[in-house]
Amino acid sequence: MTSDARAAALADALAGLDAADAVEDEDRRATLRVLETFARPFDEDAQPEHVTASAFVLSSLGVVLHRHRLLGIWVQPGGHVEPGEPPCVAAVREVREETGLASSHLEPPLLAHVNVHDGPRSHRHFDCRWLLVAQRTELQLSEGESTDVSWFLPDAALERCEPALRGGLEKAFSLARGLGLAEVASWHA
């Protein structure tokens, strides 16, 4: 395995991840292989396959999704991990950049889902998806980011999102309910 402490910490989180199905379990194992194989597993310039970070951000309004500015699909906020940045920190930063939201991790941080998919520019993303809670619900768009960002209650999110995201969202909603998060108490499911 790489000597990167971030990779070791993420490998521990992946080892503890309860995969929802066989597909997520294979994606979890593939992500572990990337962490073990590549010297710079988070570096998009080192190789076209790299680990990314994203978040399912929850509030009393539901989950925030945005229309990806390059792909045109509705997904959770997320993106590339900066040099030296832990993936869980990258998820919070990406949420702020793409939605203007201040968000925070549960304690301890919860890796909710992992998914391997093709990204733009012939990249392959090994996306680690964290469960975050919004500290406020007002969205603030940033220049150069998506102009379509919105809160969705679970049913609407599942209808609007990229079809490949549905399993991850369903898992995030189930985890939130199972944890008894106050943010989900007002959801109408």
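Residues numbered from 1 in each chain as written. Predicted model: local features only at pLDDT ≥ 70, side-chain atom pairs only at ≥ 80, totals over all residues. Heavy atoms only, no water.

### Notes on the packing of aromatic side chains
With the rule as written, the count across this model stands at two aromatic pairs. Centroid distance Trp74 to Phe152: 5.5 Å. Interplanar angle 80 degrees. Geometry classified as edge-to-face. Remark: Phe152 occurs in strand 7 (residues 149–152) and Trp74 occurs in strand 3 (residues 74–75); sequence separation between them is 78 residues. Judged on exposure class, the residue Trp74 and its partner Phe152 are both buried. (Phe/Tyr/Trp six-rings, centres within 6.5 Å; stacked < 30°, edge-to-face > 60°. Helix = DSSP H or I, 4+ residues; strand = E, 2+ residues; numbered from the N terminus. Buried < 20%, exposed > 50% of the residue type's maximum accessible area, 1.4 Å probe, protein only.)

### Observations regarding the packing of helix 1 (residues 5–15) against helix 2 (residues 22–37)
Between two packed helices, what matters for the description is the angle formed by their axes and the separation of those axes. Contact pair helix 1 / helix 2: the axes reach a minimum separation of 10 Å and the direction vectors enclose 160 degrees. Taken together, the axes of helix 1 and helix 2 lie roughly antiparallel to each other. The two elements helix 1 and helix 2 cross, and the hand of that crossing is left-handed. Of the residues in helix 2, those in contact with Ala7, Leu10, Ala11, Leu14 and Ala15 of helix 1 are Arg28, Thr31, Leu32 and Leu35. Here the contact of helix 1 with helix 2 is built from residues that sort into seven nonpolar, one polar and one charged. (Axes fitted to C-alpha atoms, helices over the stretch in contact; angles between N-to-C directions. Parallel < 35°, antiparallel > 145°, perpendicular 65-115°, else oblique. Left-handed = near helix turned anticlockwise from the far one by under 90°. Contact = heavy atoms within 4.5 Å. Nonpolar A, V, L, I, M, F, W, Y, C, P; charged D, E, K, R; others polar.)

### A word on helix 2
Between its first and last C-alpha atoms helix 2 spans 22 Å; for 16 residues at 1.5 Å apiece the expected length is 22 Å, and the two agree. Along helix 2, the residues that are buried comprise Glu24, Asp27, Arg28, Ala30, Thr31, Leu32, Val34 and Leu35. Lining the buried residues of helix 2 we find helix 1, strand 1 (49–59), strand 5 (103–119), strand 6 (123–134) and helix 5 (166–179). Where helix 2 begins, the side chain of Asp21 points an oxygen toward the backbone nitrogen of Val23, at a separation of 3.2 Å. (Expected span 1.5 Å × (residues − 1). Polar contact = N/O pair within 3.5 Å; in protein donor to acceptor, adjacent residues only side chain to side chain.)

### Observations concerning the environment of Ser146
Mapped onto the fold, Ser146 is located in the loop between strand 6 and strand 7. Between the alpha carbons of Ser146 and Gly100 there is a distance of 11 Å; along the sequence they are 46 residues apart. Setting aside residues no more than four positions away along its own chain, Ser146 makes contact with His66, Arg67, Arg69 and Leu141.

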